[in-house]
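# Structural features, examined
What follows is the residue order along each chain.
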Amino acid sequence: MSAAPAESPQLTREEQALTAVNVPWNVVVWDDPVNLMSYVVYVFRSHFGFTDAKARTLMLEVHHQGRSIVFTGSLEEAEAHVSALHGYGLWATYEKAGEN
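Residues numbered from 1 in each chain as written. Predicted model: local features only at pLDDT ≥ 70, side-chain atom pairs only at ≥ 80, totals over all residues. Heavy atoms only, no water.

Inclusion rule: UniProt positions are given in the numbering used here, feature names are shortened, and annotations may be inferred rather than shown by experiment.
By the naming in an unreviewed UniProt entry, the chain goes by ATP-dependent Clp protease adapter protein ClpS and is assigned to Kocuria rhizophila. UniProt, in its Function (unreviewed entry) section for the chain, records the words "Involved in the modulation of the specificity of the ClpAP-mediated ATP-dependent protein degradation." The annotation that UniProt attaches to the chain under Sequence similarities (unreviewed entry) is "Belongs to the ClpS family."

Here it is as structure tokens:
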């Protein structure tokens with residue numbers, strides 16, 4: 001006799017929602033035609049506390065590649081960072097990590 005195949009458990013909606021919140025989220029800053037590169041460096045240094053070198057590296061990634069991931073963490077943190085970046089006038093969004 002062979003054993004019945006193990007069924008994979010189905011997640012409830014609450015478990016799915018909890019899983020979605022617990023996965024890492026990226027904050028993406030997008031290139032725009034408005035903000036100066038020096039201002040973007042200033043925002044990265046002021047808001048995230050990045051060193052000048054790191055802020056410049058991320059700014060150049062935005063400039064040359066059109067986007068840069070500047071933070072990875074919880075959904076709540078990502079939402080807060082995106083809101084703050086909008087306050088600085090930058091174009092920013094958040095996405096699940098690994099889905100880009």
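## Some details on the packing of helix H2 (residues 37-48) against helix H4 (residues 75-87)
Heads up, the condition is: Fitting a line to C-alpha atoms yields each axis, with helices limited to the stretch in contact; the angle taken between N-to-C directions then spans 0 to 180 degrees. Segments assigned H or I by DSSP are reported as helices when at least four residues long, segments assigned E as strands when at least two residues long, and all are numbered from the N terminus. Angles are sorted into four bins: roughly parallel if under 35 degrees, roughly antiparallel if over 145, roughly perpendicular if 65 to 115, and oblique for all others. Crossings are classed by handedness, with left-handed meaning an anticlockwise turn of the near helix from the far one by less than a right angle and right-handed meaning a clockwise turn. Any two residues whose heavy atoms approach within 4.5 Å at even a single point are treated as in contact. In this classification, the charged set is Asp, Glu, Lys and Arg, the nonpolar set is Ala, Val, Leu, Ile, Met, Phe, Trp, Tyr, Cys and Pro, and all remaining amino acids, among them Gly, are polar.
Where H2 contacts H4, the two axes come as close as 11 Å, and the packing angle between them is 135°. Between H2 and H4, the crossing angle belongs to the class labelled oblique. Read as a crossing pair, H2 and H4 show a hand that is right-handed. Side by side, H2 and H4 meet where Val43, His47 and Phe48 of the first sit next to His81, Ala84 and Leu85 of the second. Looking at the contact of H2 with H4, its residues break down into four nonpolar, two polar and no charged.

## A few points about the side chain of Asn26
Note the following rule: Each residue gets one of three labels from its accessible area relative to the maximum for its type: buried under 20%, exposed over 50%, partly exposed in between, using a 1.4 Å probe on protein chains only. By the criterion applied in these results, polar contacts are pairs of N or O atoms within 3.5 Å in which, for protein atoms, one can donate a hydrogen and the other can accept it, and in which residues neighboring in sequence qualify only through two side-chain atoms.
Relative to the helices and strands, Asn26 resides in strand S1 (residues 25-30). A relative accessible area of 5% places Asn26 in the buried class. Separated by 2.7 Å, the side chains of Asn26 and Thr72 make a polar contact.

## Description of the pattern of salt bridges
Where we set the bar: The term salt bridge refers to a side-chain nitrogen of Lys or Arg lying within 4 Å of a carboxyl oxygen of Asp or Glu.
Counted by the stated rule, this structure contains three salt bridges. Of the charged contacts in the structure, one is a salt bridge between Arg45 and Asp52, with a shortest N-O distance of 3.7 Å. The shortest N-O distance in the salt bridge between Arg67 and Glu95 comes to 2.8 Å. Here Arg67 is found in strand S2 (residues 67-73), whereas its partner Glu95 is found in strand S3 (residues 91-96), with 28 residues between them in sequence. The same class applies to Arg67 as to Glu95, namely buried. Here the salt bridges share partners, and the residues they tie into one network are Arg45, Asp52 and Arg56.

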